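Residue strings, one per chain:
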Amino acid sequence: MTSESLDEIFRLMLERFGPQDWWPGDGRHEIMVGAILTQNTNWTNVTKAIDNLKRAGAMDPVAIHNMDVHRLAQLIRPAGYFNVKAKRLKSFHDWLIARTDGDLTKLDSVETEVLREELLTISGVGRETADSILLYALDRPTFVVDAYTGRILFRHYLIDVDADYEYIKDVFEANQPRDLQLFNEYHALLVRTGKEFCKPMAQCEGCPLEGLPHDIYREAY
DNA sequence: GACCAGGCACATC
DNA sequence: GATGTGCATGGT
């Protein structure tokens, strides 16, 4: 894996799709909520849940922190896994309110690595969610890895099938400038490319990355 | 009806 | 520490 490969992948995706203008949401807190709601879930379903929260006047750190978990679950129902995600939102907001008292600017003075470790202690916040919050809500130049990222690199023989999250993250961070806008756009473009051309059981004719060394369809990954 | 979606925690071996 | 399973709605 070389920085040239990563540059080329980025260039090809950007050339095809243009800037993705992520995160598709309004403000820090809404982005954090969206990061939890979109776990293994289509974004269109997440927008329905977010709309419900907004209509209920509940898209607010203190409001969610104080809300009954069953009511919260009903509001976010369209996003799927609603009972699980309601608990996750509650545990996240327990941390958020304890840490900021509702003033999210208090997070600005905390080192990225410290923040990441704290986020990872929250039940329901794993590595991708933590990194998404850091990158898209808190403007920290940390690379977000997701299922598409691994699948795309694997199908182009750029990583091994058993490469784990931290390894893949390090591939991007060690071989590129640590740039907020680059990391923002790169992950968004990988998701866009994955959605259209890199589904688990589908082949991928027309993918912007066809020019790279690749196999059309590797072992249903 | 099958497949898919911007994961995560927990049980079990 | 790897591997399997539950969680659930909504679109294609």
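Everything numeric in this text was worked out from a predicted model, so none of it was measured. (Residues numbered from 1 in each chain as written. Chains lettered and ligands numbered in written order. Predicted model: local features only at pLDDT ≥ 70, side-chain atom pairs only at ≥ 80, totals over all residues.)

> Any details on the overall build of chain A? Residues and values, ideally.
Looking only at helices and strands, chain A has eleven helices and zero strands in total. When the helices and strands of chain A are listed from N to C terminus, the series reads α-α-α-α-α-α-α-α-α-α-α. In terms of overall dimensions, chain A is globule-like: its C-alpha atoms have a radius of gyration of 18 Å, near the 17 Å expected for 221 residues. Put simply, chain A has 221 residues, and 32% of those count as buried. If you take every contact in chain A between residues at least 6 apart in sequence, the share linking residues at least 24 apart comes to 62%. (Helix = DSSP H or I, 4+ residues; strand = E, 2+ residues; numbered from the N terminus. Rg over C-alpha atoms; globule rule 2.2 N^0.38 Å. Buried ≥ 20, exposed ≤ 12 C-beta atoms within 10 Å, placed from the backbone. Contact = placed C-beta atoms within 7 Å.)

> Before we move on, could you go through the protein's contact with DNA strand B and cite the residues and values that matter?
Lining the immediate environment of DNA strand B, one finds 28 residues, of which Q39, G126, E128, T129 and M201 sit closest. Of all the elements, helix α8 (residues 127–137) adds the most residues to the surface near DNA strand B, at four residues. Residue composition of the surface near DNA strand B, grouped by class: twelve nonpolar, eleven polar and five charged. (Near = placed C-beta within 6 Å. Nonpolar A, V, L, I, M, F, W, Y, C, P; charged D, E, K, R; others polar.)

> I'd love a proper account of the packing of helix α1 (residues 3–17) against helix α11 (residues 180–197), names of residues and values included.
Contact pair α1 / α11: the axes reach a minimum separation of 10 Å and the direction vectors enclose 70 degrees. Viewed along their axes, α1 and α11 adopt a mutual orientation that is roughly perpendicular. Here α1 and α11 pass one another in a crossing that is left-handed. From α1, F10, M13, L14 and F17 reach across to α11, where they touch E185, Y186, L189, R192 and T193. Residue composition of the contact of α1 with α11, by class: six nonpolar, one polar and two charged. (Axes fitted to C-alpha atoms, helices over the stretch in contact; angles between N-to-C directions. Parallel < 35°, antiparallel > 145°, perpendicular 65-115°, else oblique. Left-handed = near helix turned anticlockwise from the far one by under 90°.)

> So what about the protein's contact with DNA strand C? Which residues, and what values?
Around DNA strand C, the neighbouring residues are N40, T41, N42, T44, N45, R77, P78, G80, Y81, F82, N83 and V84. Mapped by element, the contributors of at least two residues to the surface near DNA strand C are α3 (43–55) and α6 (82–100). Among the elements that take part in the surface near DNA strand C, α6 stands out by supplying three residues, more than any other. The residue makeup of the surface near DNA strand C, split by class, is four nonpolar, seven polar and one charged.

> Before we move on, could you go through the nonpolar core and cite the residues and values that matter?
Judged by nonpolar contacts, the single largest core of 50 residues is most densely connected at V33, L37, A49, L72, I76, L89 and I133. Looking at this core element by element, the count peaks at seven residues for α11. Residue contributions to this core reach at least three from each of two domains, namely domain 1 (3–21 + 144–197) and domain 2 (27–137). Beyond its immediate stretch of four places on either side in the chain, L89 contacts V33, I36, I64 and L72. (Core = buried A, V, L, I, M, F, W, Y, C linked by C-beta atoms within 7 Å. Domains from an automatic or database assignment.)

> Break down the environment of D146 for me, with residues and values.
The residue D146 is located in the loop between α8 and α9 (147–155) in this model. C-alpha of D146 to C-alpha of G27: the two residues are 119 residues apart in sequence and 22 Å apart in space. Sequence-distant contacts of D146, that is, excluding residues within four places in its chain, are made with E128 and V191.

> Lay out the domain arrangement of chain A in plain terms, naming residues and giving numbers.
Here chain A is described as being made up of domain 1 (3–21 + 144–197) and domain 2 (27–137). Inter-centroid distance (C-alpha atoms) of domain 1 to domain 2 is 25 Å. Contacts between domain 1 and domain 2 engage six residues on the former and six residues on the latter. Of the residues that constitute the side of domain 1 that touches domain 2, the class distribution is four nonpolar, one polar and one charged.

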